[in-house]
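Observations on the model geometry
Below, each chain spelled out in residue letters.
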Amino acid sequence: MHLNNLRNNREAKVELLKPDGSFNEPAFSKVDWVFGYPTEETGEHISPRMLFMLSYFAERLAPGKTINIESAYRSPEYNDQIRAQGNNAAKTSTHMDGLALDFWLEGVDGKRLWETIKAKNCGGIGHYGGKTVHFDAGRPRFWEAATSGTRAPEPDNNRHLYLATDFDRYAPQDRVRLSLSSLSSFAFGVRPTVQLFAAANPQQPVGSVRLDQSAGADCLQIGNRKAAHALTARLPANTPPGRYLIKTEFCDKPFPQMPSETFSNPIELHR
């Protein structure tokens, strides 16, 4: 994958996986550098799930071509500055969570890029005209300039929060990291037990696990963005292969509009 950040003039060619299929840690550190992501401060990488999806779409539409980045990671302060200038930036932008980028591919029409990603319903995809699109690993949704809602005046009140995993595929007993994004407030709690549901039947849980961070607490407090991105649990050992959803429940909600629970993106368990 060839990345070129037009904002900070950082460029890199990376292989996200080693030949044996394992995680290429130096490559992800290089990507963090290109994105301007504060890895040491956050203790994590830019969303691996977002990067793998980005790689998939880039290879499908423009194999071997450079991924040109117009906007990558944004600090909360920089995001507020962009909003103050009247630009299209959501108050709870996934750029602040390391889940998003605005990019274009040489020779690929922006509307075609938008429509291709939109058809997969795997994340957020926005098009404001021209060759550049916004793409993120947050809640599946799509928009154009007239429907973006970035200037909506009403309070967010954590209504649009999203639970994302680092990857789409896991083996039983793998440790999964869960990140809560698109948050307007960090004064809330998470129940210590998360539940696993078959993706085709999200009414009846098939298993449950306790968050590593719970330490006996009845309501694990989330006080900042770093804590919201650091929820981990080990998947159940005897879960059959298939597609699943992870459900998290909330406690000590600061707003009545905030959901009481949320489901993650689908994950696939394999042997």
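Everything below is about the structure shown above.
Right, let's walk through the structure included here. (Residues numbered from 1 in each chain as written. Predicted model: local features only at pLDDT ≥ 70, side-chain atom pairs only at ≥ 80, totals over all residues. Heavy atoms only, no water.)

1. So, the layout of surface pockets
Taken as a whole, the second largest pocket holds about 310 Å³ of empty space. With four residues, helix H3 (residues 48–61) is the single largest residue contributor to the lining of the second largest pocket. Classifying every residue of the lining of the second largest pocket gives five nonpolar, no polar and six charged. (1 Å grid on protein atoms, 1.4 Å probe; cavity = no way out; pocket = protein on both sides within 12 Å on 5 of 7 lines; lining within 4 Å. Points joined across faces, edges and corners; volume = space filled by probe spheres on them. Helix = DSSP H or I, 4+ residues; strand = E, 2+ residues; numbered from the N terminus. Nonpolar A, V, L, I, M, F, W, Y, C, P; charged D, E, K, R; others polar.)

2. Focus: the state of the cysteines
Enumeration according to the criterion identifies one disulfide in this entry. The residue that forms a disulfide with Cys219 is Cys251, at a sulfur-sulfur distance of 2.0 Å. Taking the sign of the torsion about the S-S bond as the criterion, the disulfide between Cys219 and Cys251, at about 105 degrees, is right-handed. You can see Cys219 sitting in the loop between strand S13 (201–210) and strand S14 (220–222) and its partner Cys251 sitting in strand S16 (residues 242–251), a full 32 residues away along the chain. (Disulfide = S-S within 2.5 Å.)

3. Let's talk about the packing of H3 against helix H5 (residues 110–120)
Interaxial distance between H3 and H5 falls to 11 Å at its minimum, and their mutual angle equals 130 degrees. Our classification of the angle between H3 and H5 gives oblique. Viewed along their axes, H3 and H5 form a crossing whose handedness is right-handed. Residue-level contacts link Tyr56, Phe57, Arg60 and Leu61 of H3 to Arg112, Leu113, Thr116, Ile117 and Lys120 of H5. (Axes fitted to C-alpha atoms, helices over the stretch in contact; angles between N-to-C directions. Parallel < 35°, antiparallel > 145°, perpendicular 65-115°, else oblique. Left-handed = near helix turned anticlockwise from the far one by under 90°. Contact = heavy atoms within 4.5 Å.)

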